[in-house]
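Chain by chain, the residues run as shown.
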Amino acid sequence: MYFRNLVVGVNTLVPLKNGKLTRYINFDNAATTPPFINVMNAINSFAPWYSSIHRGTGYKSVFSTEIYESSREKVLNFVGADSKLDTVIYVRNTTEAINKLSNRLCKDDKCVVLSTFMEHHSNDLPWRGKFKVDYIETDDCGRLLLDDLEGKLKKYDGKVKLVAVTGASNVTGYINPYYEIAKLAHKYGAFILVDGAQLIPHRKFDMKSHSDDEHIDFIAFSGHKMYAPFGVGALIGPKRIFEKGEPDLKGGGTVKVVSHDFVIWEDPPSKEEAGTPNLMGVVALIAAIETLQNIGMDKIDEYERILLKYANHILSQFNDVELYCPNISNKVAIIPFNIKGIYHGKVAEILSDYFAIAVRSGCFCAQPYIQRLLRIDKEKILKIAKNPDSKRPGMVRLSFGLYNTCDEIDILARAIRFIIANKSYFLSN
Ligand code: PMP
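Small disclaimer: the values here were computed from a predicted structure and weren't measured.

The rules behind the values
- Residue numbers run consecutively from 1 along every chain, following the written order of its sequence.
- For this predicted model, a pLDDT threshold of at least 70 governs which residues receive local features, and a threshold of 80 or more governs which side-chain atom pairs are given and counted, while totals over whole chains, interfaces and linings are taken from all residues.
- Only DSSP runs of H or I reaching four residues or more are called helices, and only runs of E reaching two or more are called strands; each is numbered from the N terminus.
- Each radius of gyration is computed over the set of C-alpha atoms, and the globule rule expresses the reference value as 2.2 Å times the number of residues to the power 0.38.
- Note that contacts rest on C-beta atoms placed from the backbone: two residues are in contact if these are within 7 Å.
- In this analysis, the expected span of each helix is defined as 1.5 Å times one less than the number of residues it contains.
- The rule for pairing is simple: two strands pair if DSSP sees at least two bridges between them.
- All axes here are fitted lines through C-alpha atoms, helices being fitted over the stretch that makes contact, and every angle between N-to-C directions spans 0 to 180 degrees.
- The criterion for a residue being near a molecule or strand is a backbone-placed C-beta atom within 6 Å of that molecule or strand.
- Charged residues are taken to be Asp, Glu, Lys and Arg, nonpolar residues to be Ala, Val, Leu, Ile, Met, Phe, Trp, Tyr, Cys and Pro, and polar residues to be all remaining types, Gly included.
- Note that the domain bounds were set by an automatic or database domain assignment.
- UniProt positions are given in the numbering used here, feature names are shortened, and annotations may be inferred rather than shown by experiment.
- Counting other C-beta atoms within 10 Å of a residue's C-beta gives its exposure: the residue is buried at 20 or more, exposed at 12 or fewer, and partly exposed in between, where C-beta atoms are placed from the backbone.
- Comment: arc refers to directions from the helix axis out to C-beta atoms.

Colleague: In this structure, what is going on with the overall build of the protein? I would like to understand it.
Modeller: Scanning the protein from terminus to terminus reveals twelve helices and 17 strands. Its C-alpha atoms give the protein a radius of gyration of 23 Å, within 12% of the compact-globule value 22 Å for 429 residues. Overall size of the protein, expressed as C-alpha extent along the three principal axes, is 70 × 55 × 45 Å. Taking contacts inside the protein between residues at least 6 apart in sequence as the whole, the part at least 24 apart equals 71%.

So, in structure tokens, the structure goes:
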């Protein structure tokens with residue numbers, strides 16, 4: 001299995017600190033993946049046909065509209081949605097998708113949303129202020145506690161409107177048992193939203209399950225984490241949820257009739273896609289989806305597990321490396337770690353400066369989860385927040401994509417060895 005040739009820019013040379021050009025190694029795919037070559041080709045081939053959609057009467061406008069509207073079926077099919085009942089709303093990214101859902105779900109602040117302690121801020125902050133929000137606990141390793149979910153569903157006695165849970169964590173890579181969560185949520189009359197940002201590019205996902213009560217109600221994901229460009233993503237869920245009320249963004253494309261004193265809104269999804277839509281983004285997203293489907297999500301999963309296992313094995317050989325989730329079963333290929341005694345930001349800087357290895361360090365927009373994993377209490381968090389010069393707690397994160405290789409992980413191993421061997425030098429410089 002070798003998927004390297006499918007992605008743009010895998011042989012880019014970048015300068016090291018000493019000026020020497022070296023092949024760039026990207027282990028920061030959880031942030032953003034490079035685009036597929038197929039995606040760039042699709043953008044180029046479509047460019048001559050590119051025109052305004054929904055409004056124009058010219059041939060290219062009609063063709064562009066047809067491409068845009070017919071794409072929805074492909075997205076529904078990709079996530080196993082119900083093409084009769086569900087709708088695809090195109091958005092900029094997962095963050096926008098979740099914010100949009102938070103504006104449409106319920107206008108009553110007595111409604112409860114259950115989020116979890118392992119969420120990206122984008123699946124936590126949008127719920128705050130609009131709903132009563134509570135958080136499902138994680139165990140010491142950062143895995144979700146289903147008993148706590150059931151306890152909270154019982155406690156709120158039918159008031160939970162939604163369980164908003166990540167499909168896979170962007171910090172630990174843990175995959176949540178979303179069908180089991182769905183079953184529990186439905187039992188207590190709640191919907192489930194799966195934040196699919198880290199799941200959709202790596203594992204086959206199906207909103208339908210083998211049993212009806214385990215189906216997934218909403219899924220959100222971003223194109224730029226699945227080998228398409230920035231600026232396109234999707235929110236998928238039951239059409240009826242978006243039929244009532246006003247859209248969050250209002251303007252061109254959202255209305256059927258406007259008079260000076262009344263408005264008749266369009267049907268969803270158009271009602272939820274204010275302004276001129278991002279047609280090129282959608283063309284790119286569909287090309288990425290088709291490429292993933294042609295490779296086969298199971299093959300991608302299988303290959304990325306090889307990378308995960310290999311990297312985890314290598315890192316676990318170093319006494320000075322602290323691993324936070326040594327159990328690698330049921331997770332996507334993400335490994336957070338620290339090197340004892342060296343600040344995570346410094347490790348990331350050395351990896352880039354001396355080895356051209358790109359990683360991310362810090363809290364990965366999941367501060368409550370990191371605080372739990374690192375066992376940092378509220379008092380300490382407040383103390384750190386008040387002091388702008390204090391070092392922020394965090395980790396170094398490796399996140400692999402389908403084009404990474406074990407050879408690249410060997411270079412990482414050399415880099416870690418080098419950092420540990422020269423720890424005292426780096427601590428004083
Ligand atoms: N959820 C998760 C789990 C993520 O990893 C991210 C991005 N790191 C987001 C949501 C937000 O994605 P975006 O920035 O594309 O909106």
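Colleague: What is the right way to look at helix α2 (residues 59-78) in this model?
Modeller: Side chains three or four residues apart in an α-helix point the same way, a direct result of the helix having 3.6 residues per turn. An ideal rise of 1.5 Å per residue puts 28 Å on 20 residues; α2 measures up with 29 Å between its terminal C-alpha atoms. In this fold, the buried residues of α2 make contact with β4 (86-91), β10 (233-238) and α6 (279-295). Once α2 finishes, Gly80 follows within two positions and takes phi at roughly 65°, a positive value.

Colleague: Just checking my understanding: could you explain the sheet that holds strand β6 (residues 132-136) for this structure?
Modeller: Strands pair in a sheet through their backbones, by hydrogen bonds, and they do so in one of two ways: parallel or antiparallel. Taken in spatial order, the seven strands of this open sheet run β4-β10-β9-β8-β7-β5-β6, and their pairing is mixed. This sheet does not close on itself; its edge strands, each paired only once, are β4 and β6. For this sheet, the mean inter-axis angle between neighbouring strands, taken without regard to orientation, is 20°. Sheet analysis places strand β5 (residues 112-116) next to β6, joined by five bridges and oriented parallel. Looking at the pairing, Ser115 lines up with Tyr135 of β6. In this fold helix α5 (residues 178-187) packs onto β7 (160-166) and β8 (191-195), with an angle of close to 155° to the strand it touches most, β8.

Colleague: Sorry if this is basic, but what is going on with the site of the ligand here?
Modeller: Surveying the vicinity of the ligand reveals 14 residues, the closest of which are Asn93, Thr95, His120, Asn170 and Ser222. Residue composition of the shell around the ligand, grouped by class: three nonpolar, ten polar and one charged.

Colleague: Help me understand the environment of Leu398 in this model?
Modeller: Mapped onto the secondary structure, Leu398 falls in strand β17 (residues 395-399). Separated by 64 residues in the primary sequence, Leu398 and Ile334 place their C-alpha atoms 5.6 Å from one another. What Leu398 contacts, discounting residues up to four positions off in sequence, is Phe27, Ala311, Ile334, Ile335 and Val359.

Colleague: Even after reading the chapter, I still don't get the domain arrangement of the protein, so can you show me in this structure?
Modeller: Note: interface size is frequently given as the accessible area lost on complex formation between the parts. Each assigned domain of the protein is listed with its residue range as follows: domain 1 (4-30 + 296-428) and domain 2 (40-294). With 26 residues of domain 1 in contact, the opposing surface of domain 2 contributes 25 residues. When contributions to the side of domain 1 that touches domain 2 are tallied by element, the ones reaching two or more residues are α7 (297-316), β14 (334-339) and α9 (367-373). Grouping the amino acids of the side of domain 1 that touches domain 2 by side-chain chemistry returns 19 nonpolar, two polar and five charged.

Colleague: For this particular structure, what's the right way to read the sheet that holds strand β16 (residues 360-362)?
Modeller: On the basis of which strands lie adjacent, the open sheet formed by four strands has the order β13-β14-β17-β16 and antiparallel pairing. Each edge of the open sheet carries a strand with a single partner, namely β13 (321-323) and β16. The mean angle between the axes of side-by-side strands here comes to 35°, regardless of whether they run parallel or antiparallel.

Colleague: Looking at this structure, how should I read the UniProt feature "domain: Aminotransferase class V" (unreviewed entry) in the protein?
Modeller: Feature annotation in UniProt assigns "domain: Aminotransferase class V" (unreviewed entry) to the following positions: residues 25-412. Secondary structure within residues 25-412 divides into 34% helix and 17% strand; the distance between the first and last C-alpha atoms comes to 9 Å.

Colleague: Got a minute to help me understand helix α1 (residues 37-46) in this structure?
Modeller: Of the residues making up α1, those classed as buried are Asn38, Val39 and Ala42. Within α1, the buried residues cover an arc of 100° as seen down the axis, which keeps them to one side. Away from its buried face, by an angle of more than 90 degrees, α1 presents the exposed residues Asn41 and Asn44. On its buried face, α1 sits against α6.

Colleague: Even after reading the chapter, I still don't get the environment of Thr254, so can you show me in this structure?
Modeller: Of note, Thr254 is situated in the loop between β10 and β11 (255-258). Between the C-alpha atom of Thr254 and that of Trp265, which follows or precedes it by eleven residues, the distance is 6.0 Å. Sequence-distant contacts of Thr254, that is, excluding residues within four places in its chain, are made with Pro247, Trp265, Glu266, Ser270, Lys271 and Ala274.

Colleague: Mind showing me how you'd approach unusual backbone geometry here?
Modeller: Negative phi characterises most residues that are not glycine, and trans characterises most peptide bonds. Residues Pro268 and Pro269 are joined by a peptide bond in cis, for which omega reads 10°. Mapping Pro269 onto the fold places it in the loop between β12 (263-265) and α6. Even without being glycine, Tyr227 reaches a positive phi, approximately 70°. Along the chain, Tyr227 falls in the loop between β9 (218-222) and β10. For Tyr227, a count of 29 C-beta atoms within 10 Å puts it in the buried group. The backbone of Cys365 shows a phi angle near 55°, a positive value even though the residue is not glycine. Its place among the elements puts Cys365 in the loop between β16 and α9. The class for Cys365 is partly exposed, based on 18 C-beta atoms found within 10 Å.

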